[in-house]
Amino acid sequence: MSNEGVDHSVLRVLRTRSEAKAFYNKIASVYDLLSEKSEEPLRNYGLEKLAVQNGERVLEIGFGTGTSLVELATRVGPEGK
């Protein structure tokens, strides 16, 4: 089998699904506190690129733990969803 064209910069997953689930269940109650500053630049970048306007409809799917929802709701205003 040839490795030509394979991206070797992708890291191999070293834990099982149940190990990952157990880890995130363990830190769930403090995850937002842990990630607040580290994920803030990405949240801000995403919000900037979306450029959501008053009255628009937005579907937010799986971008963190929902910390952007308040900002999105504020930007779409009472006429948006």
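Details of the structure are given in the entry above.
Sequence order as written defines the numbering, with residues in each chain counted from 1. With pLDDT at 70 or above as the cut-off, local features in this predicted model cover only qualifying residues; side-chain atom pairs require 80 or more to be listed or tallied, and sums for whole chains, interfaces and linings still use all residues. The side-chain figures draw on all heavy atoms in the structure; neither hydrogens nor water molecules are used.

Visitor: Which residues make up the overall build of the chain, and what values do they have?
Guide: Helix and strand assignments follow DSSP, with helices taken as H or I runs no shorter than four residues and strands as E runs no shorter than two, numbered in order from the N terminus. The secondary structure content of the chain amounts to three helices and zero strands. The N-to-C order of helical and strand elements in the chain reads α-α-α. Only protein chains enter the accessibility calculation, which uses a 1.4 Å probe. A residue is then buried if its area is under 20% of the maximum for its type, exposed if over 50%, and partly exposed in between. The buried share of the chain, reckoned over its 81 residues, is 12%.

Visitor: Please provide a residue-by-residue account of the side chain of Ser 35, values included.
Guide: With respect to the helices and strands, Ser 35 occurs in helix α2 (residues 31–50). Ignoring any residue separated from it by four or fewer positions in sequence, one finds Ser 35 in contact with Glu 40 and Arg 43. Contact criterion: two residues are considered in contact whenever any of their non-hydrogen atoms come within 4.5 Å of each other.

Visitor: Go over a nonpolar patch on the surface with me, naming the residues and quoting the values.
Guide: Each patch groups residues whose relative accessible area exceeds 30% and which form no salt bridge, using 9 Å between like charges and 5 Å between nonpolar side chains of Val, Leu, Ile, Met, Phe, Trp and Tyr. We get accessible surface area from the Shrake-Rupley algorithm with a probe of 1.4 Å; when it comes to residues, only the shown protein chains can shield them. Each salt bridge in this description consists of a side-chain nitrogen of Lys or Arg and a carboxyl oxygen of Asp or Glu lying within 4 Å of one another. A cluster of nonpolar residues, Val 30, Leu 33 and Leu 34, forms a patch on the protein surface that exposes about 300 Å² of accessible area. Mapping Leu 34 onto the fold places it in helix α2. Owing to a relative accessible area of 56%, Leu 34 belongs among the exposed residues under this scheme.

Visitor: For unusual backbone geometry, give the residues involved together with the corresponding values.
Guide: Notably, Ala 51 is not glycine yet its phi reads approximately 50 degrees, a positive angle. With respect to the secondary-structure elements, Ala 51 resides in the loop between α2 and α3 (69–76).

Visitor: Account for the packing of aromatic side chains, with residues named and values stated.
Guide: Two aromatic rings, drawn from Phe, Tyr or Trp (for Trp, its six-membered ring), form a pair once their centres lie within 6.5 Å of each other, and the interplanar angle then sorts them: stacked below 30 degrees, edge-to-face above 60, tilted otherwise. Inspection of every chain in the model, using the stated rule, returns two aromatic pairs. Consider the rings of Phe 23 and Tyr 24, whose centres lie 5.0 Å apart with planes at 80 degrees: the pair is edge-to-face. Using a relative accessible area of 45% as the deciding quantity, one classes Tyr 24 as partly exposed. Measuring from ring centre to ring centre gives 6.3 Å for Tyr 24 and Tyr 31, while their planes differ by 65 degrees; the resulting arrangement is edge-to-face. Each member of the aromatic cluster is reached from another via a ring pair, and the members are Phe 23, Tyr 24 and Tyr 31. In this structure, Arg 15 packs its charged tip against the face of Phe 23, placed 5.0 Å from the ring centre. Sitting over a ring, as applied to charges here, requires NZ of Lys or CZ of Arg to be within 6 Å of the ring centre and within 35 degrees of the ring normal.

Visitor: Give a detailed account of the pattern of salt bridges, specifying residues and quantitative values.
Guide: By the definition in use, this model includes two salt bridges. Between Lys 37 and Glu 40 there is a salt bridge whose closest N-O contact spans 3.7 Å. Residue Lys 37 and its partner Glu 40 are located together in helix α2, separated by three residues, close to a single helical turn. A residue is classified by how much of its surface remains accessible, and Lys 37, at 59% relative accessible area, is exposed. Accessibility expressed as a relative area gives 30% for Glu 40, which makes it partly exposed. Between Glu 71 and Arg 75 there is a salt bridge whose closest N-O contact spans 2.7 Å. With a gap of four residues between them, Glu 71 and Arg 75 both fall in helix α3, about one helical turn apart. Classification of Glu 71 as partly exposed rests on a relative accessible area of 33%.

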